[in-house]
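# Fold and contact review
Letter by letter, the chains look like this.
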Amino acid sequence: MELAERFRMGAQLVREAQALVITAGAGMGVDSGLPDFRGDAGFWRAYPLYAKLGLSFVDAANPEHFERDPHFGWGFYGHRTNLYRDTVPHDGFRILLDWIGRFRLPFFVATSNVDGQFQKTGFAEAEILEFHGSIHHLQCTRPCSDRIWENRASFIIDEETMRAEELPLCPRCGAVARPNILMFGDWSWVEERTRRQREHFNSFLNAQHDRKLVVIELGAGTAVPTVRATSERLGSLRGARVIRINTREPQVPPPHLPLPCGALEGLAGIDAELRA
């Protein structure tokens, strides 16, 4: 089937939708210029020093660094904080907001991304679930409490060594703070914020039980299957349809719709059909 025909089918699903869930993985950020960490090669292209050190993304995104060498731990996460603060979300985010307003759709966003790009575009905080937390929020490394606070720290990173000059501290006990992100092998993540978001998401879903639900999945791969599993669970509900937009892994069985393209191309293609 030609991609243009798939765009027409996607537009028809959006027209008929009575509620919308947007599920998004790392591929959603690629069109905004964010690095693709898929595989060691993709990670090392973004961070050549880690290639020299033989560190993978799993190695770098590890809470042990905040215990053993927090300046090195914040070298990676401070650099990413600066990157995400500077990034301008691509037009696909705006297209989604436009559909929500134009068709008066109740909606929720469920994302594995920690970059805060949905909030930056104008999506309401109360209608977003961040499965793995957010780089824009901090917690204590110990942790001394369940407190989570906004990341307002400034980061100066020596990109030759990937070390941060100054470290944010816990305002309660003075220990080093860390991002409120679920890392690999992480037993210290404070999940209170995400737990509340998940409760809001479940309440939203319960309120949509008699409505035609459309799930638009964007750039969610199989390596970390949280987003895809959520889309598929929702797609199994009576009358629900999934539009899976994915360059590398678009496969989804009928009656759901695969779009083998990037997030921005897929959203723009559907949008063009909606405006035709």
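The rules behind these values
Residues numbered from 1 in each chain as written. Predicted model: local features only at pLDDT ≥ 70, side-chain atom pairs only at ≥ 80, totals over all residues. Heavy atoms only, no water. 1 Å grid on protein atoms, 1.4 Å probe; cavity = no way out; pocket = protein on both sides within 12 Å on 5 of 7 lines; lining within 4 Å. Points joined across faces, edges and corners; volume = space filled by probe spheres on them. Helix = DSSP H or I, 4+ residues; strand = E, 2+ residues; numbered from the N terminus. Nonpolar A, V, L, I, M, F, W, Y, C, P; charged D, E, K, R; others polar. Phe/Tyr/Trp six-rings, centres within 6.5 Å; stacked < 30°, edge-to-face > 60°. Buried < 20%, exposed > 50% of the residue type's maximum accessible area, 1.4 Å probe, protein only. Polar contact = N/O pair within 3.5 Å; in protein donor to acceptor, adjacent residues only side chain to side chain. Contact = heavy atoms within 4.5 Å. Salt bridge = Lys/Arg side-chain N within 4 Å of Asp/Glu carboxyl O. Pairing = 2+ DSSP bridges.

An unreviewed UniProt entry annotates the protein chain as protein acetyllysine N-acetyltransferase originating from Geomonas limicola.

Turning next to the layout of surface pockets. Its boundaries defined by the atoms lining it, the largest pocket holds a volume of some 1,200 Å³. Contributing to the lining of the largest pocket are 46 residues, with Gly25, Ala26, Phe37, Asn113 and Val224 lying nearest its centre. Among the elements of the structure, helix 2 (39-46), helix 4 (57-60) and helix 6 (70-86) are those that each provide at least two residues to the lining of the largest pocket. Of the residues assigned to the lining of the largest pocket, the class counts are 23 nonpolar, 15 polar and 8 charged. Its boundaries defined by the atoms lining it, the second largest pocket holds a volume of some 200 Å³. Taken together, Leu205, Asn206, Gln208, His209, Arg211, Leu213, Arg233, Leu234, Leu237, Arg238 and Ala240 make up the lining of the second largest pocket. Contributing elements (two or more residues each) for the lining of the second largest pocket: helix 9 (192-207) and helix 10 (226-235).

Attention now moves to the packing of aromatic side chains. In total, this model carries 19 aromatic pairs according to the counting rule given. Between the aromatic rings of Tyr47 and Phe76, the centroid separation amounts to 5.4 Å while the plane-to-plane angle is 75°, which identifies the pairing as edge-to-face. Separated by 29 residues along the polypeptide, Tyr47 in the loop between helix 2 and helix 3 (48-53) and Phe76 in helix 6 bring together distant segments of the chain. Judged by its relative accessible area of 4%, Tyr47 is buried. Taking relative accessible area as the criterion, Phe76 reaches 1% and is therefore assigned buried. Ring centres of Phe118 and Phe123 lie 5.1 Å apart, and the angle between their planes is 80°; this geometry places the pair in the edge-to-face category. Members of the aromatic cluster, joined through ring pairs, are Phe43, Tyr47, Tyr50, Phe57, Phe66, Phe72, Trp74, Phe76, Tyr77, Phe155 and Phe184.

Let us now look at the side chain of Arg178. Counting through the fold element by element, Arg178 comes out in strand 8 (residues 177-181). On the basis of relative accessible area, Arg178 is assigned to the buried category, the value being 2%. At 2.7 Å, the side chain of Arg178 forms a polar contact with the side chain of Asp186. Those residues in contact with Arg178 that lie beyond four places of it in its chain are Pro63, Phe66, Trp74, His137, Leu138, Gln139, Cys140, Thr141, Met183, Asp186, Ser188 and Trp189.

Between side chains of opposite charge, pairing is possible as soon as their charged atoms come close. One pass over the structure, following the stated rule, counts 18 salt bridges. Arg193 is the salt-bridge partner of Glu130, the closest N and O atoms lying 2.8 Å from each other. Of the two residues, Glu130 is situated in strand 3 (residues 128-130) and Arg193 in helix 9; the sequence distance between them amounts to 63 residues. We note that Glu130, like Arg193, is buried.

Moving on: the sheet that holds strand 8. Whether parallel or antiparallel, the strands of a sheet pair through hydrogen bonds between backbone atoms. Taken in spatial order, the 3 strands of this open sheet run 5-4-8, and their pairing is antiparallel. Whereas interior strands pair on both sides, the edge strands pair on one side only; in this sheet they are strand 5 (149-150) and strand 8. The pairing of strand 4 (residues 133-140) with strand 8 spans 5 bridges and is antiparallel. In the sheet register, Cys140 faces strand 8, and the bridge partner there is Ala177.

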